Structures are given as C-alpha cells and as structure tokens.
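Single-letter residue listing:
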Amino acid sequence: MKQLFDKFKSLGLSFVGCDDTKHPIGRWAHLQKVLPGPKDYRKWLKGYDFIIDEGTPDEKRMQADPATKIALICGEVSGGLELLDFDLKHHKDGENFFNEVALPGIADIVGTPNDLVIESTPSGGYHIWYRTEDVGGNKKIATQQGNTEAFIETRGEGGYGLCAPSEGYVIINGDFDQIQELSGDTRDELLSYLASFN
C-alpha cells in the first residue's frame, strides 16, 4: 500500500485511505489543501486509536483499522482533478446508456483516442477522471424522472472518489500516470451534454 501512496503523491494527487464502508480513515480536510505526509501514511497503514464522547461518562477508546481502499481527493490540490460518477443503479437501462449513448457523446467532445481515466466500479457504475482549469464542486448532473438519486454527478472541490486498485475498481481506459486535461470550454460542453439527460 505504501508504494501506491508514494506513486499517487509523485503524480501530484492527494488521496485518503478508506475503510470497507468507503469512509475516510481519520480527518482528511487538510488533504484538500496539501498532499499526504508520513503521519497520514502511518494512520492508514497501521490504524489508530481515538476517543469518542471524550470527557463524558460514555467516553470510549476505539480502534480504527488500517485502510483497505484508497480514494483520490478532487480539486486544486490534485491539479484540478474532477470526477464524473455514473451511478447506474439509478438508471433503468444504465449499462446500455453508458456504452451506447454517453461514451460516444463524450468521445465526440473530448476526441479519440483520449487519456480520460475510465474505471468500472463494484456497483456496476463507472468513474471518469480528468483534470481541468475550472474544477467545480460536487454537483448532481442528471436524474431520471421519478428518482431523486442522481445517476450522473461530479466530484470536485471538497469531494473524493474511490479508485483502482481498490477492490472492485478496474481501469478500462487510460491510467492515473497521465490524466487528460480538459479546457474550461470542453469541460462546460461535456457537462452540458450530460445534463441533457436529466
């Protein structure tokens, strides 16, 4: 795991170790501003003790386990990293929509071949990672009628997304070694295209 941490850090990517429930281990707000350091590594590699309800009769000492997954932190700290999250369990024909509609339209906008990092997720969805000069926040892009859960959303400033090689995440295009940079205009065109499915 330490080799992976070192690799992501060398690529200018901020990240956080996560547990099996996809939650970050320990505090991670500082990692939205700076890359992880040795203290963060130790916490994720070995786990750590913490106290809940400190100073009350219910005070308990707890143990957090070491990280089993890793998530990239989006935003300026990672060079303008942004994530398109396709959560296709919230779409009635998700796999067909992604492969036959969304991907060809995305390719028309960003060109082919491209270095978008595309990975499949354990729930049958997809992540598309890119860098942009105009990284935004976390935003719902598209929902289907009768469903309040978005099937397309972004993760930007203040957000994170689990990624390969976490269990169940498989890269199918590109690599984190070379993440495609989108201009602000291309990013806007891409998000407008995807929002048209709302």
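First, a word on what this report is: a plain description of the structure on this page. (Residues numbered from 1 in each chain as written. Predicted model: local features only at pLDDT ≥ 70, side-chain atom pairs only at ≥ 80, totals over all residues. Heavy atoms only, no water.)

**Some words on the side chain of arginine 187**
Going by this rule: The secondary structure listing takes helices from DSSP runs of H or I that are at least 4 residues long and strands from runs of E that are at least 2 residues long, numbered from the N terminus. Note on classification: 1.4 Å probe, protein chains only; a residue is buried when its accessible area is under 20% of the maximum for its type, exposed when over 50%, partly exposed between these limits. Between two residues, a contact is recorded if the distance between any of their heavy atoms is within 4.5 Å.
Structurally, arginine 187 can be placed in helix H4 (residues 184–195). Residue class for arginine 187 comes out buried when judged on its relative accessible area of 10%. In contact with arginine 187, not counting residues within four places along its chain, are Glu82, Tyr130, Thr132, Asp134, Val135, Gly136 and Leu182.

**Considerations on the nonpolar core**
This is how the line gets drawn: What makes a nonpolar core is a set of buried Ala, Val, Leu, Ile, Met, Phe, Trp, Tyr and Cys residues whose side-chain atoms join them at distances within 4.5 Å.
Phe8, Phe15, Val16, Trp44, Leu72, Trp129 and Phe176 are the most contacted members of the largest nonpolar core, which has 30 residues in total. Elements that contribute at least two residues to this core include exactly helix H1 (2–10), strand S1 (14–18), helix H2 (38–46), strand S4 (69–73) and strand S5 (81–86). One finds Leu116, Tyr130, Leu190 and Leu194 within the second-largest nonpolar core, a separate group that totals 22 residues.

**Notes on a negative patch on the surface**
Heads up, the condition is: To count toward a patch, a residue needs a relative accessible area above 30% and no salt bridge. Like charges then connect within 9 Å, nonpolar side chains (Val, Leu, Ile, Met, Phe, Trp, Tyr) within 5 Å. All accessibility values rest on the Shrake-Rupley procedure with a 1.4 Å probe; residue burial counts only the protein chains present in the view. What makes a salt bridge here is a side-chain nitrogen of Lys or Arg within 4 Å of a carboxyl oxygen of Asp or Glu, nothing more. Counted as positive: Lys and Arg. Counted as negative: Asp and Glu, with His and the chain ends omitted from the count. Where a charge sits is defined by one atom per residue type, namely NZ (Lys), CZ (Arg), CG (Asp) or CD (Glu).
A surface patch of negative charge is lined by Glu133, Asp134, Glu181, Asp185 and Glu189. Along the chain, the position of glutamate 181 falls in strand S12 (residues 181–182).

**Thoughts on the packing of aromatic side chains**
The description of an aromatic ring pair uses the distance of the two centres, along with the angle that the planes make with each other. Our working rule: Here the aromatic set is Phe, Tyr and Trp, taking the six-membered ring for Trp, and pairing holds for ring centres within 6.5 Å; pairs whose planes are under 30 degrees apart are stacked, those over 60 apart are edge-to-face, and all others are tilted.
Summed over the entire model, instances satisfying the criterion amount to 14 aromatic pairs. Ring centres of phenylalanine 5 and tryptophan 44 lie 5.5 Å apart, and the angle between their planes is 75°; on these two criteria the pair is classed as edge-to-face. Taken together, the positions of phenylalanine 5 in helix H1 and tryptophan 44 in helix H2 put the pair 39 residues apart, joining distant regions of the chain. Per residue, the accessibility class of phenylalanine 5 equals that of tryptophan 44, and both read buried. A ring pair is formed by phenylalanine 15 and tyrosine 41, whose centres lie 6.3 Å apart and whose planes are at 45°; its orientation type is tilted. Linking phenylalanine 15 in strand S1 with tyrosine 41 in helix H2, this pair joins segments that are 26 residues apart in sequence. Accessibility expressed as a relative area gives 9% for tyrosine 41, which makes it buried. Put simply, the rings of Phe5, Phe8, Phe15, Tyr41, Trp44, Trp129 and Phe176 pair up and form one aromatic cluster.

**Describing the pairing of strand S9 (residues 150–155)**
For the record, the criterion: Note on pairing: DSSP must find at least two bridges between two strands before they are called paired.
Of all six residues in S9, five are buried, a share of seventy percent or more. As judged from the four bridges shared by S5 and S9, these two strands associate in the antiparallel manner. Across the sheet, the residue bridging to leucine 84 is threonine 154, located in S9. With four bridges connecting them, strand S8 (residues 139–143) and S9 associate as antiparallel partners. Note on S9: the bridge partner recorded for lysine 139 is threonine 154. In sequence, S8 turns back onto S9 through a hairpin of six residues, with glycine 146 there showing a positive phi of about 85°.

**Looking at the pairing of S5**
For a regular strand, side-chain orientation follows a simple rule: the groups alternate between the two sheet faces. The buried fraction of S5 amounts to six of the six residues, a majority that puts the element mostly inside the structure. Side-chain alternation along S5 places Leu81, Leu83 and Asp85 on one buried face and Glu82, Leu84 and Phe86 on a second face that is also buried. Bridging between S5 and strand S7 (residues 126–132) involves six bridges; their strand directions are antiparallel. Counted as the bridge partner of glutamate 82 is tyrosine 130 from S7.

**Describing the packing of helix H3 (residues 94–110) against H4**
Any two packed helices are characterised by the angle at which their axes cross and by the distance between the axes. Basically, it comes down to this: An axis is simply a line fitted to the C-alpha atoms; with a helix, the fit covers only the stretch in contact. Between two such axes, the angle follows the N-to-C directions and lies from 0 to 180 degrees. Orientation is classified from the angle alone, with under 35 degrees giving roughly parallel, over 145 giving roughly antiparallel, 65 to 115 giving roughly perpendicular, and any other angle giving oblique. With the far helix as reference, a near helix turned anticlockwise by less than a right angle produces a left-handed crossing, and one turned clockwise produces a right-handed crossing.
H4 packs onto H3 with a crossing angle of 160° between their chain directions and a minimal axis gap of 10 Å. Comparing the axis directions of H3 and H4 gives the class roughly antiparallel. Like other packed secondary-structure pairs, H3 and H4 cross with a definite hand, here right-handed. Across the interface between the two elements, Val101, Ala102, Gly105, Ile106, Ile109 and Val110 of H3 pack against Thr186, Glu189, Leu190, Tyr193 and Leu194 of H4.

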